[in-house]
Amino acid sequence: MVFTEMFASQNLDKKVEELSNLEVWFQRPKDIVRKLWSGDLDIGIVGFDTVSEYGQGNEDLIVVHDALEYGACRLSLAIPKYGIFESINSLHELAEMPQWTKERPLRIVTGFSHLGPKFLKEKGLEHVSFSTADGALEAAPAMGIADAIIDLVSSGMTLRENDLKEIEGGVVLESQAVLVASRRSLNTRQDVLEITHEILERLEAHLRATGQVTVVANMRGKSAEEVAERILSQTSLSGLQGPTISPVYCKRDGKIVVDYYALVICVPQKALYKSVKQLRSIGGSGVLVSDLTYIFEEETPRWRKLLSQLGL
Ligand SMILES: Nc1ncnc2c1ncn2[C@@H]1O[C@H](COP(=O)(O)OP(=O)(O)OP(=O)(O)O)[C@@H](O)[C@H]1O
Ligand SMILES: O=P(O)(O)OC[C@H]1O[C@H](OP(=O)(O)OP(=O)(O)O)[C@H](O)[C@@H]1O
Ligand SMILES: [Mg+2]
């Protein structure tokens, strides 16, 4: 069983202790897609742009998780801010420029030689020619080699440094890291299907937990219901399904009594201080906060969708 990751810089162990029967290989992004296609790999983690460019609509590639929340970028067309492009701000205006003719087309350089031409064809641009380059595309317009580029943009810094701009209607594709699998492997090998299920569940549970914290506090009260009433009167304290409230037992004069209740809630990191203030305002004390690693909920809709895509 083989599983791959993008960003091949670290020399990590190829085994994952908790997932037996799994081998991890770090590969160049396009090779991940090619090897899924050829059957050398079963599952991959790679940018959606790479899946779209090198997968080219191949039915054997199934995107199992479409939003791993890193590697966010967009594939976008960019033109110089200067010269004949100074007043051009949309794809429509670019297409209408009188400069582009059959003999002298709009020259675009891109590493995306499938998605780039497909996009401009769909947009109906005539008189366009494409060339490819592997890196430093942004320099091509200033060098006079191309008029425009189609490349990945994230912060926009690279474009700014090169005096280039994006234009309205020029986004080819929005991308982020995705989990992709080979349909053939999923359909023919039960172990691949099982491990994909576990990886999907772990990823979803982890992403759900990102940015959430667990808050534990003690609160004096007459009963759990009375404490619950006070907590639920505050907007930031309702938790995922509602607060968990348990009695805190202590011994007084030889008798077991309950004066305090322990409260456990899950709150977004961003709302943490607001929640702490609200807790204090209703008598909460000894507030403990810890990070959450996973939140497992009921069966994920992505798993059901995958099964139905596989006809299972
Ligand atoms: N600036 C960026 N910000 C966020 N994500 C990015 C950015 N640039 C690229 N990515 C994402 O990372 C993936 C890998 O980027 P890139 O194509 O530069 O890979 P690489 O590791 O340099 O591979 P290669 O050696 O084949 O060029 C892209 O497919 C894209 O999904
Ligand atoms: O909008 P920004 O945040 O500036 O990011 C965009 C840049 O990031 C990518 O390059 P990368 O850094 O991967 O280098 P490469 O093109 O040499 O692979 C992309 O090709 C752009 O050059
Ligand atoms: Mg790169």
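In case you missed it, the structure is sitting above this.
The structure displayed is predicted, hence computed values, not measured ones.

Rules behind the numbers
- Residues numbered from 1 in each chain as written.
- Chains lettered and ligands numbered in written order.
- Predicted model: local features only at pLDDT ≥ 70, side-chain atom pairs only at ≥ 80, totals over all residues.
- Heavy atoms only, no water.
- Near = heavy atom within 4 Å.
- Polar contact = N/O pair within 3.5 Å; in protein donor to acceptor, adjacent residues only side chain to side chain.
- Areas by Shrake-Rupley, 256 points an atom, 1.4 Å probe, with all protein chains shown as cover.
- Helix = DSSP H or I, 4+ residues; strand = E, 2+ residues; numbered from the N terminus.
- Nonpolar A, V, L, I, M, F, W, Y, C, P; charged D, E, K, R; others polar.
- Pairing = 2+ DSSP bridges.
- Axes fitted to C-alpha atoms, helices over the stretch in contact; angles between N-to-C directions.
- Contact = heavy atoms within 4.5 Å.

Draft legend 1. Representation of the site of ligand 2 in the model. The local shell around ligand 2 consists of Glu-138, Asp-151, Leu-152, Val-153, Ser-154, Ser-155, Gly-156, Met-157 and Thr-158. Glu-138 has a polar side-chain atom sitting 2.8 Å from an oxygen atom of ligand 2. Within the side chain of Ser-155, one N or O atom sits 2.6 Å away from an oxygen atom of ligand 2. Relative to its unbound accessible area of 490 Å², ligand 2 is 52% covered by the protein chains. Sorting the residues of the shell around ligand 2 by element identifies strand E9 (148-153) and helix H6 (157-161) as the ones contributing at least two each. With three residues, the top contributor of residues to the shell around ligand 2 is E9. Split by residue class, the shell around ligand 2 holds three nonpolar, four polar and two charged.

Draft legend 2. Quick look at the sheet that holds strand E8 (residues 128-131). The five strands are arranged E8-E7-E9-E6-E10 in an open sheet whose pairing can be described as mixed. On the outer flanks of this sheet lie E8 and strand E10 (164-175), each paired with one strand and no other. The sheet shows a mean angle of 25° between the axes of neighbouring strands, direction not considered. Here seven bridges tie strand E6 (residues 73-80) to E10, and the two strands are oriented antiparallel to one another. Following the sheet pairing, Ser-76 is matched in E10 by Val-171. On the sheet, helix H2 (residues 48-55) packs against E6, E9 and E10 and is oriented at approximately 80° with respect to E10. Its contacts with the sheet put helix H4 (residues 115-122) on E6, strand E7 (106-110), E8, E9 and E10, and the angle it makes with E10 is roughly 110°.

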